[in-house]
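# Observations on chain architecture
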Amino acid sequence: MQPVVTRRLIIRRMTETDLLDFLTYQTHPKVLRYMPVEPLTEERAMRFLARQAVVEIGDEGGYIVFAIHHIGDAKMIGEVGINLLPWAQSKGEIGWSLHPIYQGHGYATEAAQVLLTYGFAHRKLHRITSICDTRNTASFRLMERLGMRREGHLRQSQFIKGSWQDEYIYALLDDEWLAQQSVTVDG
Ligand SMILES: CC(C)(COP(=O)(O)OP(=O)(O)OC[C@H]1O[C@@H](n2cnc3c(N)ncnc32)[C@H](O)[C@@H]1OP(=O)(O)O)[C@@H](O)C(=O)NCCC(=O)NCCS
């Protein structure tokens, strides 16, 4: 995906020069609260960014994470990512994180809309899903703002910070996304 400029952001590939900004939110307890991961070390972050510089969507293990670059502050403030699901190249899964001081301003929505356009219009995906801990209200509210539908409640499906947690799965189909676009254009 070529860099996409929106009203306040640039959605672009990550580079190794993003290391400091990347570590700042990837080690923040508020960002990791509902994720089954430990804070990122500098070494792992460097390996991740080096891989991001070359990975292509559709590669095995090809989760691509795009930088959410804040134009006004000239820095990366978070990420949106997309993964093509194995054995089903027309299905994708998306995710996101924002540094807490940039939450609550609509930046994740603005960035995720770019990712949905990329997935449906450019990659011709049929179905895009997203999954989050049921306690992660900010994440599922974002899915709902994007027009995604809650399709399921997965019982104790993720082991997070010492206990099994429930998750919601949301989805959007290509024709549903298309219908949303015409409402936006017409309305
Ligand atoms: C999930 C996450 C990215 C959502 O971030 P967010 O800031 O709530 O989402 P947005 O950037 O789209 O902002 C929307 C909020 O800003 C408000 N807002 C303010 N100005 C706005 C604008 N111009 N446009 C849209 N929304 C705006 C909205 O009302 C909304 O607040 P509300 O949910 O209280 O109604 C964020 O909570 C996060 O990084 N969490 C930690 C990582 C994580 O858990 N990731 C998901 C793993 S599944």
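Below you will find a few notes about this structure.

So, how was this worked out
Residues numbered from 1 in each chain as written. Predicted model: local features only at pLDDT ≥ 70, side-chain atom pairs only at ≥ 80, totals over all residues. Helix = DSSP H or I, 4+ residues; strand = E, 2+ residues; numbered from the N terminus. Rg over C-alpha atoms; globule rule 2.2 N^0.38 Å. Contact = placed C-beta atoms within 7 Å. Near = placed C-beta within 6 Å. Nonpolar A, V, L, I, M, F, W, Y, C, P; charged D, E, K, R; others polar. Pairing = 2+ DSSP bridges. Buried ≥ 20, exposed ≤ 12 C-beta atoms within 10 Å, placed from the backbone. Core = buried A, V, L, I, M, F, W, Y, C linked by C-beta atoms within 7 Å.

## Section: the overall build of the protein chain
- Helix and strand counts for the protein chain stand at six helices and eight strands.
- In the protein chain, the order of α-helices and β-strands from amino to carboxyl end is β-β-α-α-α-β-β-β-α-β-α-β-β-α.
- Over its C-alpha trace the protein chain gives a radius of gyration of 16 Å, about what one expects of a compact globule, namely 16 Å for 187 residues.
- A separation of at least 24 residues holds for 60% of the contacts in the protein chain among residues at least 6 apart in sequence.

## Let's talk about the site of the ligand
- Neighbouring the ligand are 20 residues, the closest being Gln103, Gly106, Ala108, Thr109 and Ala138.
- Residue assignment for the shell around the ligand shows that the elements contributing at least two residues are strand S5 (91–98), helix H4 (107–122) and helix H5 (137–145).
- Within the shell around the ligand, the residues separate by chemical class into 10 nonpolar, nine polar and one charged.

## Let's talk about the pairing of strand S2 (residues 9–13)
- The pairing of strand S1 (residues 4–5) with S2 spans two bridges and is classified as antiparallel. Bridged to Val5 within S2 is Ile10.
- Here S1 folds back onto S2, and the loop between the two strands holds three residues.

## A word on the sheet that holds strand S7 (residues 149–160)
- If you trace the eight strands from one edge of the open sheet to the other, you get S1-S2-S3-S4-S5-S6-S8-S7, paired in mixed fashion. This sheet does not close on itself; its edge strands, each paired only once, are S1 and S7.
- Across seven bridges, strand S3 (residues 64–70) lies against strand S4 (residues 75–84) in antiparallel orientation. Paired with Ala67 across the bridge in S4 is Glu79.

## Focus: unusual backbone geometry
- We note that Lys124 has phi near 55°; this positive angle belongs to a residue other than glycine.
- Relative to the helices and strands, Lys124 resides in the loop between H4 and strand S6 (127–133).
- Notably, Lys161 is not glycine yet its phi reads approximately 50°, a positive angle.
- Relative to the assigned elements, Lys161 resides in the loop between S7 and strand S8 (163–173).

## Re the pairing of S7
- Of all 12 residues making up S7, only zero are buried, and the element is barely covered by its neighbours.
- Linkage of S7 to S8, two consecutive antiparallel strands, is achieved through a turn of two residues, within which Lys161 is found at a positive phi near 50°.

## Examining the nonpolar core
- Counting 38 residues, the largest nonpolar core has Phe66, Ile68, Val80, Ala111, Ala112 and Leu115 as the members making the most contacts within it.
- Where this core is concerned, the elements lending two or more residues are S2, S3, S4, S5, H4, S6, H5 and S8.
- For this core, the element with the most residues is H4, which contributes nine residues.
- Residues contacting Leu115, with those up to four places away along its chain left out, are Phe66, Val80, Ile82 and Ile94.

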